[in-house]
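Listed below, chain by chain, are the residues.
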Amino acid sequence: MDKATSNKQQTVYGIRPVIEAIGSGKQIDKILIQNGLGGSLINELRTKIKEAGLTFQFVPIEKLNRTVRGANHQGVVALISAIEYQSVYDIVPKLFDEGRTPTLLMLDRVTDVRNLGAIARTAECTGVDAIIVPSHGSAQINEDAIKTSSGALLRIPVCREDNLKTVINFAKQSGLQICAATEKGHTLYTEVDFTLPTLLIMGAEETGISNDLLKISDVCTKLPIVGEVQSLNVSVATGVFLYEILRQRN
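Residues numbered from 1 in each chain as written. Predicted model: local features only at pLDDT ≥ 70, side-chain atom pairs only at ≥ 80, totals over all residues. Heavy atoms only, no water.

The next thing to look at is the pattern of salt bridges. Tallying each qualifying case throughout the model produces eight salt bridges. One salt bridge in this structure joins Asp108 and Arg109, with 3.7 Å as the shortest N-O distance. Classification of Asp108 as buried rests on a relative accessible area of 4%. Of the charged contacts, one joins Arg247 and Glu244 as a salt bridge, the two residues approaching to 2.7 Å between their closest N and O atoms. (Salt bridge = Lys/Arg side-chain N within 4 Å of Asp/Glu carboxyl O. Buried < 20%, exposed > 50% of the residue type's maximum accessible area, 1.4 Å probe, protein only.)

This part covers the packing of helix H5 (residues 113-125) against helix H9 (residues 234-249). Running from N to C, H5 and H9 point in directions that differ by 10 degrees, and their axes come no closer than 9 Å. Taken together, the axes of H5 and H9 lie roughly parallel to each other. Where H5 crosses over H9, the handedness of that crossing is right-handed. Contact with H5, carried on its side by Asn115, Ala118, Ile119, Thr122, Ala123 and Cys125, involves Val234, Ser235, Thr238, Gly239, Leu242 and Tyr243 of H9 and no other residues of that element. Split by residue class, the contact of H5 with H9 holds seven nonpolar, five polar and no charged. (Axes fitted to C-alpha atoms, helices over the stretch in contact; angles between N-to-C directions. Helix = DSSP H or I, 4+ residues; strand = E, 2+ residues; numbered from the N terminus. Parallel < 35°, antiparallel > 145°, perpendicular 65-115°, else oblique. Left-handed = near helix turned anticlockwise from the far one by under 90°. Contact = heavy atoms within 4.5 Å. Nonpolar A, V, L, I, M, F, W, Y, C, P; charged D, E, K, R; others polar.)

Below, the discussion takes up unusual backbone geometry. In this structure, Arg109 takes a positive phi of about 65 degrees despite not being glycine. The residue Arg109 is located in the loop between strand S5 (103-108) and H5 in this model. By relative accessible area, Arg109 is classed as partly exposed at 31%. Positive phi values are uncommon outside glycine, yet Ser150 reaches one of about 55 degrees. With respect to the helices and strands, Ser150 occurs in the loop between helix H6 (143-148) and strand S7 (158-161). On the accessibility criterion, Ser150 (39% relative accessible area) is partly exposed.

As a further point, take the side chain of Glu161. Relative to the helices and strands, Glu161 is located in strand S7. A polar side-chain atom of Glu161 sits 3.1 Å from the main-chain amide nitrogen of Val88. Ignoring anything within four residues of it in the chain, the contact list for Glu161 reads Gln86, Ser87, Val88, Tyr89, Ile132, Val133, Pro134, Ser135 and Val167. (Polar contact = N/O pair within 3.5 Å; in protein donor to acceptor, adjacent residues only side chain to side chain.)

Counting residues in each nonpolar core, the largest one holds 34 residues, and the members touching the most others are Leu105, Leu107, Ile131, Ile141, Leu200, Met202 and Phe241. Beyond its immediate stretch of four places on either side in the chain, Ile141 contacts Asp29, Ala82, Ile83, Tyr85, Leu116, Ile146, Leu153 and Val158. Val167, Ile178, Ile209 and Ile216 belong to the second-largest nonpolar core, a separate cluster that totals 23 residues. (Core = buried A, V, L, I, M, F, W, Y, C linked by side-chain atoms within 4.5 Å.)

Along S5, six of the six residues are buried, which leaves the element largely enclosed by surrounding structure. Here S5 shows no split at all, with Thr103, Leu105 and Leu107 on one side and Leu104, Met106 and Asp108 on the other all buried. Judged from the six bridges that link them, S5 and strand S10 (residues 198-203) form a sheet pairing that is parallel. Within the sheet, the bridge partner assigned to Thr103 lies in S10 and is Thr198. Here S5 runs beside strand S6 (residues 130-134); their pairing, made up of three bridges, is parallel. (Pairing = 2+ DSSP bridges.)

With that out of the way, let us pick up the sheet that holds strand S9 (residues 187-188). Taken together, the seven strands give an open sheet; going across it, the order is S7-S6-S5-S10-S8-S11-S9, and neighbouring strands pair in parallel fashion. Each edge of the open sheet carries a strand with a single partner, namely S7 and S9. One ladder, built from three bridges, connects strand S8 (residues 177-181) with strand S11 (residues 219-222); its direction is parallel. What sits directly across from Ala180, in S11, is Cys220. The sheet strands contacting H9 are S5, S8, S10 and S11, and the helix crosses S10 at an angle near 165 degrees.

This paragraph deals with the sheet that holds strand S2 (residues 28-34). One open sheet accounts for four strands, arranged S1-S4-S2-S3; its pairing is mixed. Only two strands of the sheet have a single partner each, and these edge strands are strand S1 (11-13) and strand S3 (56-59). For this sheet, the mean inter-axis angle between neighbouring strands, taken without regard to orientation, is 20 degrees. Along the sheet face, helix H1 (residues 15-23) touches S1, S2 and strand S4 (76-80) and points at about 130 degrees away from the line of S1.

What follows is the structure, encoded as structure tokens:
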């Protein structure tokens, strides 16, 4: 008999249980499949994964063994999200209906779990209404992320969206200014009017914000750097921007 879930309810393992988890609509961060695994059930699983638009990765059996120690995983493990994701398309209209001035934070390709947690902690402290992350290429929201956030990830809405460009266009049409934080910017962060409804985009430390998102941003803004190290940790930089938003609005 397949063992369906771990004691902490953060993984589902076994081929059939993972297929059933996908069909039930469980919020799955990633599916790990043993290298070289084949057969009709695996083909069915891969079809389900593709239909659901989920992320999967082929890994050595040792990684699966470490993930679910002692379990009969049959070469397949699904990592279940530790939070319930929300939809930015529901949140934004509600904020305006409530008479709020929305502040949304979009993280483009931020893959470090602890950075994500630290950013969420600051976002919750500064009143950010929602954090937006891409469905693919983002840090997993797991125990480490939640711990680093001091539980903020359990309190602030997180939206995992398939297409960040579509989200930005929706935000523009809804009346938000799109502000990209980048060293390529020509506007200092203190010169941006953050009293306006704002979607702030922060990018990964190594690659920054993708060019596709920079091109459709309303303003590209930067922090002043006077030292020889030309960039800040992304969580630190995010904190500076978010407290500037808070300062201007208060």
